[in-house]
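Listed here are the chains, written in short residue letters.
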Amino acid sequence: MTSAVISVDYEQPVSGAACDTRHAWARVPAEPSPDEREALKSRIRRLLRERNAVMVSHYYVHPDLQDLAEETGGIVSDSLEMARFGRDHPARTLVVSGVRFMGETAKILSPEKRVLMPDPDATCSLDLGCPAEAFSAFCDQHPDRTVVVYANTSAAVKARADWLVTSSCALDVVGALHAQGRKILWAPDRHLGDYIRRETGADMLSWDGACIVHDEFKALELELLIEAHPGAKVLVHPESPAPVIALADAVGSTSGILAAAQRMDAREFIVATDTGLLHKLRTLNPGKTFIEAPTAGNGATCKSCAHCPWMAMNGLAGLARVLETGEGEVHVDAALGLRARVPIDRMLAFTAGLKKGLPAGSLVTGIGAA
Ligand code: 13P
Ligand code: SF4
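Draft legend 1. Looking closely at the nonpolar core. By size, the foremost hydrophobic cluster in this structure holds 121 residues, and its most contacted members are Ile 44, Val 96, Phe 135, Trp 186, Leu 281 and Leu 323. In terms of residue count, the dominant contributor to this core is helix α16 (residues 334–355) (six residues). The residues touching Phe 135, leaving out its near neighbours within four places in the chain, are Cys 130, Val 147, Val 149, Val 157, Arg 160, Leu 185, Ala 187 and Trp 207.

Draft legend 2. Fine view of unusual backbone geometry. The omega angle of the peptide bond from Ala 187 to Pro 188 is -10°, so this bond is cis rather than trans. Located in the positive-phi region is Asn 52, a residue other than glycine, with phi close to 50°. Inspection of the secondary structure puts Asn 52 in the loop between α2 (34–50) and β2 (53–58). Here Asn 52 falls in the partly exposed class, since its relative accessible area comes to 38%.

Draft legend 3. Inspection of the side chain of Thr 93 at higher detail. Its place among the elements puts Thr 93 in strand β4 (residues 93–97). For Thr 93, a relative accessible area of 3% gives the class buried. Filtering out sequence-adjacent residues up to four positions away, Thr 93 remains in contact with Arg 51, Asn 52, Ala 53, Val 54, Arg 114 and Leu 116.

Draft legend 4. Representation of empty space enclosed by the protein. Counting across every chain of the model gives two cavities of 30 Å³ or more. Looking at the largest cavity, it is lined by 28 residues, and the ones nearest its centre are His 58, Tyr 60, Asn 152, Glu 239 and Met 311. Mapped onto the lining of the largest cavity, the elements with two or more residues apiece are α4 (79–88), α5 (100–109) and α6 (125–128). Approximately 90 Å³ is the volume attributed to the second largest cavity. Along its surface, the second largest cavity is lined by 13 residues, and Ser 79, Met 82, Ala 83, Met 102 and Thr 105 are the ones closest to its centre. Listing elements by their share of the lining of the second largest cavity, those giving two or more residues are α4 and α5. Of the residues in the lining of the second largest cavity, the class split is 10 nonpolar, three polar and no charged.

Draft legend 5. How the structure looks around the confidence of the model for the chain. With 92% of its residues at a pLDDT of at least 70, the chain reaches an overall mean of 92. Across residues 1–19, where pLDDT falls below 50, the model places 41 contacts with residues more than four positions away in sequence or in other chains.

Draft legend 6. Examining the layout of surface pockets more closely. Size it by volume and the largest pocket reaches roughly 300 Å³. Lining the largest pocket are 22 residues; nearest its centre among them are Pro 29, Glu 31, His 62, Ala 312 and Asn 314. Taken together, the elements giving at least two residues each to the lining of the largest pocket come down to α3 (63–71) and α15 (316–325). With three residues, α3 is the largest single contributor of residues to the lining of the largest pocket. For the lining of the largest pocket, a count of residues per class yields 13 nonpolar, seven polar and two charged.

Draft legend 7. Structural view of the packing of α4 against α16. As a packed pair, α4 and α16 sit with axes 11 Å apart at the nearest point and diverge in direction by 100°. In terms of axis orientation, α4 runs roughly perpendicular to α16. Packed against α4, whose contacting residues are Leu 80, Glu 81, Arg 84 and Arg 87, the element α16 presents Met 347, Leu 348, Thr 351, Ala 352 and Lys 355 at the interface.

Draft legend 8. Region of interest: the sheet that holds β4. Here we have four strands laid out as an open sheet, ordered β3-β2-β4-β5, and parallel in their pairing. The open sheet terminates on both sides in strands that have one partner only, identified here as β3 (75–77) and β5 (114–116). On average, each strand axis in the sheet is inclined to that of its neighbour by 20°, with strand direction left out of account. Relative to β5, β4 runs parallel, the two being bridged by three bridges. Its bridge partner lying in β5, Leu 94 is registered against Val 115. Strands in contact with α4 are β2, β3 and β4; relative to β2, the strand with the most contacts, it is inclined by about 170°. The sheet strands contacting α5 are β2, β4 and β5, and the helix crosses β4 at an angle near 160°.

Definitions and cut-offs
Residues numbered from 1 in each chain as written. Chains lettered and ligands numbered in written order. Predicted model: local features only at pLDDT ≥ 70, side-chain atom pairs only at ≥ 80, totals over all residues. Heavy atoms only, no water. Core = buried A, V, L, I, M, F, W, Y, C linked by side-chain atoms within 4.5 Å. Buried < 20%, exposed > 50% of the residue type's maximum accessible area, 1.4 Å probe, protein only. Helix = DSSP H or I, 4+ residues; strand = E, 2+ residues; numbered from the N terminus. Contact = heavy atoms within 4.5 Å. 1 Å grid on protein atoms, 1.4 Å probe; cavity = no way out; pocket = protein on both sides within 12 Å on 5 of 7 lines; lining within 4 Å. Points joined across faces, edges and corners; volume = space filled by probe spheres on them. Nonpolar A, V, L, I, M, F, W, Y, C, P; charged D, E, K, R; others polar. pLDDT = per-residue confidence, 0-100. Axes fitted to C-alpha atoms, helices over the stretch in contact; angles between N-to-C directions. Parallel < 35°, antiparallel > 145°, perpendicular 65-115°, else oblique. Pairing = 2+ DSSP bridges.

What follows is the structure in structure tokens.
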């Protein structure tokens, strides 16, 4: 696969420091005491009712924010279903616990609703690593390619795309485009792009971004862990490096990993994704054991330790504060939002069409460079 000419640092590593995402880690809220936790939860339950609001949480955020979302009629899910749920729910306010692109997507799909985030500065290394201007110039250099971007991007990058995908529908969308002879320009995750290219055989020119969480999984150490747990099945998110994916028994998005763990009859699983997903994995599979895949090897630095610092910025206190004060509102320029909405709507229509049994080819015809 050809790589883009540009690679972007996220936050410059500090020499000798163990972690180069220190600004995000510094914003991670302290764990509340049991009494504080209960008080915050009841305050949030009351505010959700008073503000006609619903919680939309990602699987990687703190278990408190996952459980409270479900308990109060909201959702905990992957980024695709978060977008769909927020669009379809009648509440006037959506409280999105996750990272900024998820809040922006919710706002783009529901401009009439108020979208709040416990900390709207929570971002994503993929979003940071794909600045819109440079990306647009990259697209301009390759007008013969259909532009497919990952959901983990800014509204401005989405506005430049023909198609948006999440990891749960990327293979289907690119596979259908490839079957129609399209050449793809892909951004921003190089590992996911490489995985899709290997699986579909599509001609893909890729941006050079990475997720700081999944990029850290180590194949050599994973092999040692597999030797120590010979009966365990290995579940891997496709943002991981190719040698890690090669060791997987199942590769999938967060919801794909959950489905695989429920489907497979093994007792033990090694999981290469953000540790936030372990909460749901363990709740849904009480008889099964889930082991974190290794992120540290010889000479490794730990940027994430398998947990996204930006996801970790979401907490109960922040959520209560933004519901109370209206701070933390996500704004997207209206004209930009209209342009960014086009590929998001296509993705939602594509996945809805697939669910109805429509052929994938019929769902991509006529969209993007021929
Ligand atoms: P999903 O689309 O699988 O929820 O993943 C989002 C994400 O940020 C993965 O790191
Ligand atoms: Fe971005 Fe990775 Fe965090 Fe997901 S886990 S939000 S891809 S940095």
